Amino acid sequence: MERFHPRLYVACSFQKEASVIMDMLLRIEPSARFFTLDTDLLFEETYETRRRLEERFDIEVEVYRGPSLAEQEESHGPELWKADPDACCGIRKVTPLKRALSEVDCWVAGLRREQSDSRRFASKLGYDELHGLWKANPLADWSEAQVWAYIDKHDLPYNPLHDRGYESIGCTHCTLPSEGRGGRWADAGKTECGLHG
Ligand code: SF4
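Please read all numbers here as calculations on a predicted model, not as lab measurements.

J.: Any chance you could break down the overall build of the protein for me, citing the residues and the numbers?
T.: When helices and strands are counted, the protein shows six helices and six strands. Going from N to C terminus, the protein has its helices and strands arranged as β-α-β-α-β-α-α-α-β-β-β-α. Against the 2.2 N^0.38 benchmark of 16 Å for 197 residues, the protein shows a C-alpha radius of gyration of 16 Å, consistent with a compact globule. Taking all contacts inside the protein whose residues are at least 6 apart in sequence as the whole, residues at least 24 apart take part in 70%. Of the roughly 10,000 Å² of accessible surface on the protein, a fraction of 49% belongs to carbon and sulfur atoms. Positive and negative charge centroids in the protein, built from 26 and 35 side chains respectively, lie 3 Å apart.

Dropping the structure here:
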């Protein structure tokens, strides 16, 4: 915050890490800036969590999205998430992220090293070559238990899908209840959406 605010932008996917990061950063800087990538295919519980957090902290999270689902179907055919999930994530997540990051110097995400093999080297602050700016993962070395302890201690709103077996939460078409990130693109041999390299 000291180094980058207000050219620092916090990505929120409204999983448990977002609740913690939002609380921590707003304690440090009440005008911290937050954004979300709305794929239009998120769970109702995720939208509700966003509303509850915005109310709790009296903030507005800025929203970035891709083309409408109708436009997507017209140009790419039906059910792109099944036919080509990389292209679907590209249109609905990666391109809107680039727009969100185009005018800041640092972004913040909720990656934790224990979430998956591909995240085990996530750094707390490093240069993001993919997007050409700095990136912070303030919870990189936090355990699942630490995240829940923080949420409990501060009585934070969190996504109720976590209580129903979803350890990781993305779009409705591509998320099943599972431990770790095993429920993400479970049938597609895909593990990341492309936002984090
Ligand atoms: S997670 Fe699935 S539905 Fe969401 S943008 Fe990626 S492929 Fe599309």
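Still to come is the rest of the account.
J.: So what's going on with the site of the ligand? Residues and values would help.
T.: Close to the ligand lie Leu41, Trp81, Pro85, Cys88, Cys89, Arg92, Lys93, Cys171, Cys174 and Trp185, which account for all nearby residues. No other element matches the five residues that helix α5 (residues 85–101) contributes to the shell around the ligand.

J.: Any chance you could break down the pairing of strand β2 (residues 33–37) for me, citing the residues and the numbers?
T.: Taken across its five residues, β2 has four buried, putting it largely inside the fold. Across three bridges, the pairing between strand β1 (residues 8–11) and β2 is parallel. Paired with Ala11 across the strands is Phe35, a residue of β2. At this point the chain moves from β1, through helix α1 (residues 16–28), to the parallel β2, and the crossover so formed is right-handed. Where β2 lies against strand β3 (residues 62–64), three bridges are found, and the strand directions are parallel. Considered in β3, the bridge of Thr36 is made with Val63. For the handedness criterion, the β-α-β arrangement of β2, helix α2 (residues 44–57) and β3 is classed as right-handed.

J.: Quick one: what's the story with the side chain of Glu54, residue by residue and with numbers?
T.: Along the chain, the position of Glu54 falls in helix α2. Judged by its relative accessible area of 15%, Glu54 falls in the buried class. Look past the residues within four positions of Glu54 in its chain and what remains in contact with it is Ile59, Glu60 and Val61.

J.: Explain the sheet that holds β1 to me, and be specific about the residues and the numbers.
T.: The strand order across the open sheet built from six strands is β3-β2-β1-β4-β6-β5, with neighbouring strands paired in mixed fashion. A single partner strand is all that each edge strand has here, and the edge strands are β3 and β5 (125–128). The mean angle between the axes of side-by-side strands here comes to 30°, regardless of whether they run parallel or antiparallel. The sheet strands contacting α1 are β1, β2 and β4 (106–108), and the helix crosses β2 at an angle near 160°.

J.: Can you lay out the packing of aromatic side chains for me, pointing to particular residues and giving the numbers?
T.: A complete count under the given rule lists eight aromatic pairs for this structure. Look at Tyr127 and Trp134: their rings are 5.4 Å apart centre to centre, the planes differ by 85°, and that puts the pair in the edge-to-face class. Residue Tyr127 is classed as partly exposed on the basis of its relative accessible area of 41%. You can call Trp134 partly exposed: its relative accessible area is 28%. Ring plane angle 55° and centroid distance 5.9 Å describe the contact between Trp142 and Tyr150, whose orientation is recorded as tilted. Of the two residues, Trp142 and Tyr150, neither departs from the other in class, the shared state being buried. An aromatic cluster is defined as three or more aromatic residues linked by ring pairs; in this entry it consists of Phe4, Tyr127 and Trp134. Above the plane of the ring of Trp134 lies Arg3, whose end atom (NZ or CZ) is 4.8 Å from the centre. The ring of Tyr9 carries Arg33 above its face, with NZ or CZ at 4.4 Å from the centroid.

Rules of the game
- Residues numbered from 1 in each chain as written.
- Predicted model: local features only at pLDDT ≥ 70, side-chain atom pairs only at ≥ 80, totals over all residues.
- Heavy atoms only, no water.
- Helix = DSSP H or I, 4+ residues; strand = E, 2+ residues; numbered from the N terminus.
- Rg over C-alpha atoms; globule rule 2.2 N^0.38 Å.
- Contact = heavy atoms within 4.5 Å.
- Areas by Shrake-Rupley, 256 points an atom, 1.4 Å probe, with all protein chains shown as cover.
- Lys, Arg positive; Asp, Glu negative; His and termini not counted.
- Charge placed at Lys NZ, Arg CZ, Asp CG, Glu CD.
- Near = heavy atom within 4 Å.
- Buried < 20%, exposed > 50% of the residue type's maximum accessible area, 1.4 Å probe, protein only.
- Pairing = 2+ DSSP bridges.
- Right-handed = clockwise from strand over helix to strand, strands pointing away.
- Axes fitted to C-alpha atoms, helices over the stretch in contact; angles between N-to-C directions.
- Phe/Tyr/Trp six-rings, centres within 6.5 Å; stacked < 30°, edge-to-face > 60°.
- Lys NZ or Arg CZ within 6 Å of the ring centre and 35° of its normal.

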